[in-house]
Amino acid sequence: VARWKGWSENLPRKMIYFNFADIDYIELYEIEIVEGRNFSEDYSADKNGAFLINEAAAKVLNWRSPLEKEMILWSKHSGRIVGVMKDFHMQSFHEPIKPLMIYQSTDLLLGYLSVKAEISKLDDVITYIEAVFNKFSPNYPFEYTFFDKIFESKYRNEQKLSGIFGLTAVIAIILACFGLFGLAAFTGKQRIKEIGIRKVLGASVSGITLLLSKEFLILVLIADAIALPAALILMQNWLQQFVYRVDIDLYLVIASALAGILITFFTTGYQTLKSAVSNPVDILRSE
């Protein structure tokens, strides 16, 4: 529970997240200060306790100028607000940016230590930290993790879903290609006599190829008319899980439709071209 000058029990409750940190926290994480200043050893008052709040917290508290306001946290941690941080994400993009206050004091017992190290020196840094840790806390296990693993865990379900969608799409395309290839071969066989008569009457190879391909194109366009709106609705519903999300642009829909048409032409092209270049004399003789 946080209180400040002018606070009373009659005021509506505000949900604000809090964190404890030392003086180097803001610099380590490269958090931008948009108003006021960072924690500093140059100010003796900060040693006894100081607060930073983010823009979301200032907005929730409806403070135009939060600097130098006296804050009391849990009736035992007190200090002044010395700066306002630019909003940053504490959680995944599933959640909006939450109001946050960070309290700094030299008498804090922090439970976590954050270290920034060069990748080339990472093993040496870990070994050194473990040695120091075991020196001061030999009875506790040394445990650590990397932030990229933490970030990855926030979107593990999305990564799995992406892999499933990708595999399903590949299988669907392969099955569709086999189906189109077989249908093109069957159609060419069924219309072989018609193709021979058209060639005798002067039809060109390109004209016959276009004639045979047109039927498949119509089927693909009908499939696009059904599948694309359904896919758009499903994608929009999935994106609603994220507070921060991209918009599905129209060019992606057009590109998907064109990709389906191109795959159709490439898949059926061999069979249709094979039927179109066949010798009409051989065709009519066999018929």
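Scoring rules and cut-offs
- Residues numbered from 1 in each chain as written.
- Predicted model: local features only at pLDDT ≥ 70, side-chain atom pairs only at ≥ 80, totals over all residues.
- Heavy atoms only, no water.
- Helix = DSSP H or I, 4+ residues; strand = E, 2+ residues; numbered from the N terminus.
- Buried < 20%, exposed > 50% of the residue type's maximum accessible area, 1.4 Å probe, protein only.
- Contact = heavy atoms within 4.5 Å.
- Areas by Shrake-Rupley, 256 points an atom, 1.4 Å probe, with all protein chains shown as cover.
- Patch = residues over 30% accessible without salt bridge, like charges linked within 9 Å, V, L, I, M, F, W, Y side chains within 5 Å.
- Salt bridge = Lys/Arg side-chain N within 4 Å of Asp/Glu carboxyl O.
- Lys, Arg positive; Asp, Glu negative; His and termini not counted.
- Charge placed at Lys NZ, Arg CZ, Asp CG, Glu CD.
- Polar contact = N/O pair within 3.5 Å; in protein donor to acceptor, adjacent residues only side chain to side chain.
- Core = buried A, V, L, I, M, F, W, Y, C linked by side-chain atoms within 4.5 Å.
- Phe/Tyr/Trp six-rings, centres within 6.5 Å; stacked < 30°, edge-to-face > 60°.
- Lys NZ or Arg CZ within 6 Å of the ring centre and 35° of its normal.

## Considerations on the overall build of the protein chain
Summing up its helical and strand segments, the protein chain has 10 helices and 7 strands in all. Residues classed as buried in the protein chain amount to 25% of the 287 residues present. In the protein chain, of all internal contacts separated by at least 6 residues, the share reaching a separation of at least 24 is 72%. A total accessible area of about 20,000 Å² is found for the protein chain, and carbon and sulfur atoms account for 61% of it.

## Focus on the environment of Trp238
Within the secondary structure, Trp238 sits in helix 8 (residues 205-239). Ignoring anything within four residues of it in the chain, the contact list for Trp238 reads Glu158 and Leu161.

## With respect to a negative patch on the surface
Together, Asp22, Asp24, Glu27, Glu41 and Asp42 make up a negatively charged patch on the protein surface. Relative to the helices and strands, Glu41 resides in the loop between strand 3 (33-36) and helix 2 (44-48).

## A word on the environment of Ser256
Structurally, Ser256 can be placed in helix 9 (residues 250-276). Judged by relative accessible area, Ser256 falls into the partly exposed class, the value being 40%. Residues Ser256 and Leu228, spaced 28 residues apart in sequence, show a C-alpha to C-alpha distance of 8.3 Å. In this structure the side chain of Ser256 is engaged in a polar contact, spanning 2.8 Å, whose partner is the backbone oxygen of Leu252.

## A closer look at the nonpolar core
One finds Ile16, Phe51, Ile53, Trp63, Met71, Ile81 and Met101 to be the most contacted residues of the largest nonpolar core, which totals 13 residues. Contributing elements (two or more residues each) for this core: strand 4 (50-54), helix 3 (55-60), strand 5 (70-73), strand 6 (77-85) and strand 7 (100-104). Apart from the residues lying within four places of it in its own chain, the contact partners of Ile16 are Ala57, Leu61, Pro99, Leu100 and Met101. Counting 12 residues, the second-largest nonpolar core is a separate cluster that includes Ile23, Ile31, Phe39 and Val82.

## Re the packing of aromatic side chains
If you walk through the whole model with that rule in mind, you get 11 aromatic pairs. Considering the side-chain rings of Tyr29 and Phe147, the 5.7 Å spacing of their centres and the 85 degrees angle between planes classify their relative orientation as edge-to-face. Highlighted residues: Tyr29 in the loop between helix 1 (25-28) and strand 3 and Phe147 in helix 5 (residues 147-154), separated in sequence by 118 residues. Taking relative accessible area as the criterion, Tyr29 reaches 31% and is therefore assigned partly exposed. Among the residues examined, Phe147 registers a relative accessible area of 40% and is labelled partly exposed. Taking the centre distance of 5.7 Å and the plane angle of 85 degrees together, the rings of Tyr144 and Phe146 count as edge-to-face. You can call Tyr144 partly exposed: its relative accessible area is 47%. Taking the ring centre of Tyr43 as reference, the NZ or CZ of Arg37 above it sits at 3.6 Å. Sitting over the face of the ring of Trp63, Lys69 holds its NZ or CZ atom 5.1 Å from the ring centroid.

## Considering the pattern of salt bridges
For the structure shown, the criterion picks out 4 salt bridges. Two residues, Glu30 and Lys116, come together in a salt bridge whose shortest N-O distance is 3.3 Å. With Glu30 in the loop between helix 1 and strand 3 and Lys116 in the loop between strand 7 and helix 4 (122-136), this pair connects stretches of sequence that are 86 residues apart. For Lys116, a relative accessible area of 53% puts it in the exposed group. A salt bridge links Asp46 to Arg37, with the shortest nitrogen-to-oxygen separation between them at 2.7 Å.

## Quick word on the side chain of Ser92
Inspection of the secondary structure puts Ser92 in the loop between strand 6 and strand 7. Overall, the relative accessible area of 10% leaves Ser92 in the buried class. Polar contacts involving the side chain of Ser92 include one to the side chain of His94, which spans 2.9 Å. Setting aside its immediate chain neighbours within four residues, Ser92 contacts Lys154 and Tyr155.

## Topic: the side chain of Ser40
Along the chain, the position of Ser40 falls in the loop between strand 3 and helix 2. Not counting the four nearest positions on each side in its chain, Ser40 is found in contact with Ile23 and Asp46.

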